[in-house]
Amino acid sequence: MVKFNRFTLSNGLRVIVHEDITTPMAVLNILYDVGARDEDPKQTGFAHLFEHLMFGGSVNIPNYDEPLQRVGGENNAFTSNDITNYYITLPAVNIETAFWLESDRMLSLAFSEKSLEVQRNVVIEEFKQRYLNQPYGDVWLNLRPLAYKAHPYRWATIGKEISHIEDARIGDVKAFFAKHYNPQNAIMVVGGDVTTAQVKKLAEKWFGPIPAGNKYNRDLPQEPEQLAARRQTVTAKVPLNALYIAFHMPARNDEHYHAVDLLSDLLSRGNSSRLYRTLVKDKQLFSEIHAYTTESLDAGVFVVDGKPVAGVSIETAEAAIWEELDKLKNEPVGIDELTKVKNKTESTMAFSEMSLLDKAMNLAYFELLGDAELFNLEAAQYLAITPLQIQHQSQDIFKKENSSTLVYLAE
Amino acid sequence: MLDRTFTPEFKAIDRINLITPGHIKLDNDCNLFWFNSGEQELVRIEMVFTNLRFNPEKPLLNVAVNTMLNDGTNSLTAAQIADKVDYYGAFLQVDYGFDHSQVTLYCLNKHLKNTLPVIKDVITDSIFPEKELATFIRNQQQKLQVSLQKNDFVARRTFNKAVFGNTMYGLSPDAADYAKIERADLLQHFKQMYQPGNCTLIVAGKIDDDILKLITHSFGKDWNNTDVPDISQPAFTPSAQLYNYVEKPGALQSAIRLGTATINRTHPDFPALQVVNTILGGYFGSRLMANIREDKGYTYGIGSGMSSMLYSGALFIATEVGADVTGAAMKEIEKEVNILKTELISADELSLVKNYMLGSLLGSLENVLSHADKFKNVYFSGLDFDYYDRYTEIIRSITAQDVLRLSNEYLTFDQFYKVIVGKV
């Protein structure tokens, strides 16, 4: 149970306070409701490049990092297909510095040409390091456009191609800022050794004067139902063959999401999970295998991926995965097995409540989903899932015509 | 009108409060430390064992024994172990390190009585079945094949091997080393190493008398020492070759790793050298990041770090840079190391680094688990919590002259091992 208080400033900024006096630290987390899905198809990777530019100085503060480090603070950020999230941790006595820094860059950036030029290079190196210069690094660059034909989830957060990043201009940066980076599109969570009254005062002081800006109305092309199986084979400089199967699945806010999430746990969480037990240990067909969901705000994908043991054909490996998926469709999961994944979820949540930053990020994310209180109701939603729901979701999702199969063959 | 150009007032960190652990020595000589704090009804139990003497002929014994601990005992198969641990929502983790290897259990208190017997069984009665060993060997060999195509992985192991030679610190196995692991050796190694006298138990979480009793009963009884394990280690024979280039035709980036063996935490200069390391590459605003990422845009990230082991320490710089700027990046790194040795750091930069390091120490004490981690850092170096008082005192009092002196004493670029994996 994570307690919090909530208020909204007149410019639309939503603020959540989580008082936690067991720590001498504080966290200030700001979630901007913008991700790679909001990009122009001709300028992909922009939300993420923009995140880098948020550290290139703001209108009144030439250097973001230095003053924060001077008060003993640290910060970072990440961009996903759905959101961009910035966070600061620092000694709670110095919390005002976090308000000062974050409010100034919400007010306006410095829009420095030098910063844009350098960060374009940095992001291009990131593109190479994480996606191109690694075995299997480009999986999502291939899998997304295979699974999505209309929705902007068809490109990765890093972008479709390096040229999109090279082509970014300062005018684009200014337009993106005006469109997405204003109080109405943000959720701020302040947690740690702070009081709600103190946060209210500081929020009014530093964020209150920022103009509300325009509300961004999201209107994205939705993915039409997939009607036929898709398949792509890539020959790549990789040491082992690999197999990826993506299935369309419900969105994060869908009533069926929790059942599907447990489904991925049944298949691949822990050494007792079905795919590991059967395909790695018993049948010895794979050296590793995983199942997971993208947990996306619009309809996401459920992915099963694995590396077959040398000598095992892709056909055999693939058939073995389908055999396991068919079992879930044909037979209800036993109560003990379902209890197992529920227990695992319960303890994961308990351990994650030990981290102040995790709590702050979760409160922001659930507020975006509709209500921060959903964070506290999450456990009950998992506990309520029945074997029948699991079976129905399996039947809905694990269909050939709903699948996109990507095969990597070692050169 | 609000003036946004001034930094709000701030305070320096004056004190770090660490939780003092409870301590008992069990009848079988196993030392137990516990840290009680927090709201959540959960515990983390770590069982830390000192590694046996490294055998260059059988370099993977320690790794294989540790990794295969959950692969079966006389009374439980690997599948049954997994079922029990997972059913109770617990996490059983095995990790091997340079000096120690450990078994960790994360568990809600309400399930502890059901999971402890499994862990007890694993550390006292593992049997390393032949079939599981064959699976382990094959899967590890496949994983290694993938890792060997990652430039940063190759750079790290090439560097360690050069600096520490054929020891646990320089471990750099190939597929053939996996193939020669034999069950009889594993059983022998296990029996020697996983004895109570060679074990330190570190428990953190919400621990009342009942939980403590559960743990002491579980590990204090029916687990005895059979003999004295050999935990001495062979001396290092570092490579004579400082420059190591592994060419990867067609690489888009080169992984660079540079550095040297150096003092460890037990040396009085260690905290001060950490200040030097932080200035150079230990935080986002460091000189290496400011120059090579934020000014030149050669890389997504560059950093330097220090590691402290029982018999040595290491100081290293690591990055992955565009293949076309590999040479330029090397020159800039050399330049930054030399500036530390020739120019006095400004008062402004030094005070920033000091505040950053103290804030970072405070921030690293997030919950009761982190207090236990801090304890492990000093305890396994033969030190105690006084270390952190010295550490904070040294960070507060270090001068620009000290930084210059230490840089000259410990950083000699010409004597650094230099590893490049990619293209020059």
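Conventions used here
Residues numbered from 1 in each chain as written. Chains lettered and ligands numbered in written order. Predicted model: local features only at pLDDT ≥ 70, side-chain atom pairs only at ≥ 80, totals over all residues. Helix = DSSP H or I, 4+ residues; strand = E, 2+ residues; numbered from the N terminus. Buried ≥ 20, exposed ≤ 12 C-beta atoms within 10 Å, placed from the backbone. Contact = placed C-beta atoms within 7 Å. Nonpolar A, V, L, I, M, F, W, Y, C, P; charged D, E, K, R; others polar. Axes fitted to C-alpha atoms, helices over the stretch in contact; angles between N-to-C directions. Parallel < 35°, antiparallel > 145°, perpendicular 65-115°, else oblique. Left-handed = near helix turned anticlockwise from the far one by under 90°. Domains from an automatic or database assignment. Pairing = 2+ DSSP bridges.

Student: Just checking my understanding: could you explain unusual backbone geometry for this structure?
Tutor: The general pattern is negative phi for most residues beyond glycine and trans for most peptide bonds. Residues and elements named next belong to chain A. A positive phi angle, near 55°, is found at Gln-284, a position not held by glycine. Inspection of the secondary structure assignment puts Gln-284 in the loop between helix H10 (274–282) and strand E9 (286–293). On the neighbour-count criterion, Gln-284 (15 C-beta atoms within 10 Å) is partly exposed.

Student: I'm lost on the interface of chain B and chain A in this one. Help?
Tutor: By convention, interface size is frequently given as the accessible area that disappears when the constituent parts associate. Taken together, the contact between chain B and chain A spans 59 residues of the former and 59 residues of the latter. Taken together, the elements giving at least two residues each to the side of chain B that touches chain A come down to helix H2 (78–87), strand E5 (100–108), helix H4 (130–147), helix H10 (287–295), strand E9 (299–308), strand E10 (313–322) and helix H12 (347–363) of chain B. Residues belonging to the side of chain B that touches chain A are distributed by class as follows: 25 nonpolar, 22 polar and 12 charged.

Student: Help me understand the packing of helix H12 (residues 335–352) of chain A against helix H14 (residues 374–383) of chain A in this model?
Tutor: To describe two helices that pack against each other, one gives the angle between their axes and the distance between the axes. All names here are of chain A. Contact pair H12 / H14: the axes reach a minimum separation of 9 Å and the direction vectors enclose 170°. The angle between H12 and H14 places the two elements in the roughly antiparallel class. On H14, the residues that touch Lys-342, Thr-345, Glu-346 and Met-349 of H12 are Ala-379, Tyr-382 and Leu-383. Looking at the contact of H12 with H14 residue by residue, the classes come out as 4 nonpolar, 1 polar and 2 charged.

Student: Would you mind showing me how to read the packing of helix H1 (residues 46–53) of chain A against helix H4 (residues 113–132) of chain A here?
Tutor: Residue and element names in this part refer to chain A. Taken N-terminus to C-terminus, the directions of H1 and H4 make an angle of 125°; their axes are 9 Å apart at the nearest point. Comparing their axes, H4 and H1 come out oblique. Every pair of crossing elements has a handedness; the one defined by H1 and H4 is right-handed. For the pair H1 and H4, contact is made by His-48, Leu-49, His-52 and Leu-53 and by Ser-115, Leu-116, Gln-119, Val-122 and Val-123, respectively.

Student: How do you make sense of the domain arrangement of chain B when you look at a structure like this?
Tutor: Residues and elements named next belong to chain B. Taken domain by domain, chain B holds domain 1 (22–220) and domain 2 (243–422). If you look at the interface, domain 1 gives 21 residues, while domain 2 gives 29 residues. Looking at the side of domain 1 that touches domain 2, the element that brings in the most residues is helix H5 (residues 151–164), giving 9 residues. Considering only residue class, the side of domain 1 that touches domain 2 consists of 11 nonpolar, 6 polar and 4 charged.

Student: I'm lost on the pairing of strand E10 (residues 300–308) of chain A in this one. Help?
Tutor: On a regular strand, each side chain points to the face opposite its neighbour's, so the side chains alternate between the two faces of the sheet. All names here are of chain A. Burial within E10 is extensive, with 9 of its 9 residues counted as buried. Of the two faces of E10, the one holding Gly-300, Phe-302, Val-304, Gly-306 and Pro-308 and the one holding Val-301, Val-303, Asp-305 and Lys-307 are both buried throughout. Relative to E10, E9 runs antiparallel, the two being bridged by 7 bridges. Following the sheet pairing, His-290 is matched in E10 by Asp-305. In this antiparallel pair of consecutive strands, E9 and E10, the connection spans 6 residues, and Glu-295 shows a positive phi of 50°.

Student: Please clarify how the environment of Glu-74 of chain A should be interpreted in this entry.
Tutor: Relative to the elements of secondary structure, Glu-74 of chain A occurs in strand E4 (residues 74–79). Sequence separation between Glu-74 of chain A and Pro-41 of chain A is 33 residues; the distance between their C-alpha atoms is 34 Å. Excluding residues within four positions of it along the chain, Glu-74 of chain A makes contact with Thr-89 of chain A together with Ser-360 and Gly-363 of chain B.

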